[in-house]
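Each chain, written out:
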Amino acid sequence: MKTCIFVFLLIGFKSLALNQGRQEKETLTKRSISPIDVLCKRSPDFKVLTYGKTKMCLYYGQDICTYAEAQGRNSTLAIFNTAEKFRILYPMDMVWIGLDDIANEGTYRWADGSILDLQSNLRYTIFQAGEPNAAFDFEDCVCNRCYYDYDKLFDANCAETYNYLCEKSVSLDNVTDIARNKPNRYKFLLCQFCARLVAD
C-alpha cells in the first residue's frame, strides 16, 4: 500500500514539474524579444514585419514623392537583399525601395552601399522577368509593383512619384544605446547582437 502511494506521489510530482517547465518555456517564448523589436518600439512610426524568422523594422511613407525626395526622409530606404526580406515587401504596391544604379549605370547598389549581383539567383527572385532593363536610359531607381501587370521589382524613372519604404536596421551603435539607457532590462540584447556577429 505504501509503495503504491509513493509511486502515485512520484508520478504526480513528475507531472507537475513537467507542466511547470512547459509553462515556463511558453512564457519565455511569448516574452522573447530581439534587438529589432526594441529598436522598432522606440520608433513609433515604424512597425515590425516578419516572414518566417526574418524581421524588419519598416516605415510606410504614405506621401507620394520622387526617389530623391524619398531618400531625404527620416531614415534609410529599405533594403530587401534576401529572398526572405523580399517576401515581406512582396504585397506592397507602388513603393520605392533602397536600390538604384544612379552612381554607375548597370551597377545596382543597395542603400547601404552593397552591390546586387545581377547574375545571382536573388536578381531573378526579386525582379520582374526582363528587369532591370534601363529602358530609355533614365530608369535608374527601383520600385516594387508600380505597374498594374508587374508583381515584382523593376527599374523606373527616378522622377516618377510613388510611396516609399524606410527601414531602421540594427547596428552595434543603436543596440549599445538601448542597453546603456536601460541596462537592467536590455543589456542581454547587446550580448545577443554580439553573439550574432560572431556567428556570422
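Everything that follows concerns the structure shown earlier in this document.
Residues numbered from 1 in each chain as written. Predicted model: local features only at pLDDT ≥ 70, side-chain atom pairs only at ≥ 80, totals over all residues. Heavy atoms only, no water.

Draft legend 1. Expanded view of the side chain of Asn144. In this fold, Asn144 is placed in strand 6 (residues 139-144). Ignoring any residue separated from it by four or fewer positions in sequence, one finds Asn144 in contact with Phe86, Leu89, Tyr90, Met92, Asp93, Met94, Val95, Lys152 and Leu153. (Helix = DSSP H or I, 4+ residues; strand = E, 2+ residues; numbered from the N terminus. Contact = heavy atoms within 4.5 Å.)

Draft legend 2. Summary view of the pattern of salt bridges. This model, assessed by the stated rule, comprises three salt bridges. Between Asp63 and Arg73 there is a salt bridge; the shortest N-O distance is 2.6 Å. Here Asp63 is found in strand 2 (residues 54-65), whereas its partner Arg73 is found in the loop between helix 3 (67-71) and strand 3 (76-77), with ten residues between them in sequence. With its nearest N and O atoms 3.0 Å apart, the salt bridge here joins Asp93 to Arg145. Here Asp93 is found in the loop between helix 4 (83-89) and strand 4 (95-100), whereas its partner Arg145 is found in the loop between strand 6 and strand 7 (153-157), with 52 residues between them in sequence. (Salt bridge = Lys/Arg side-chain N within 4 Å of Asp/Glu carboxyl O.)

Draft legend 3. Local environment of the packing of aromatic side chains. A full pass over the atoms with the stated rule returns nine aromatic pairs. Judged by centre distance (5.4 Å) and plane angle (80 degrees), the ring pair of Tyr67 and Trp96 falls under edge-to-face. One end of the pair, Tyr67, is in helix 3; the other, Trp96, is in strand 4, and 29 residues separate them in sequence. Residue classification places Tyr67 among the buried residues on the basis of a relative accessible area of 2%. Classification of Trp96 by relative accessible area gives buried; the value is 0%. Each ring, one from Tyr150 and one from Phe154, has its centre 5.0 Å from the other, and the planes form 85 degrees; the classification is edge-to-face. (Phe/Tyr/Trp six-rings, centres within 6.5 Å; stacked < 30°, edge-to-face > 60°. Buried < 20%, exposed > 50% of the residue type's maximum accessible area, 1.4 Å probe, protein only.)

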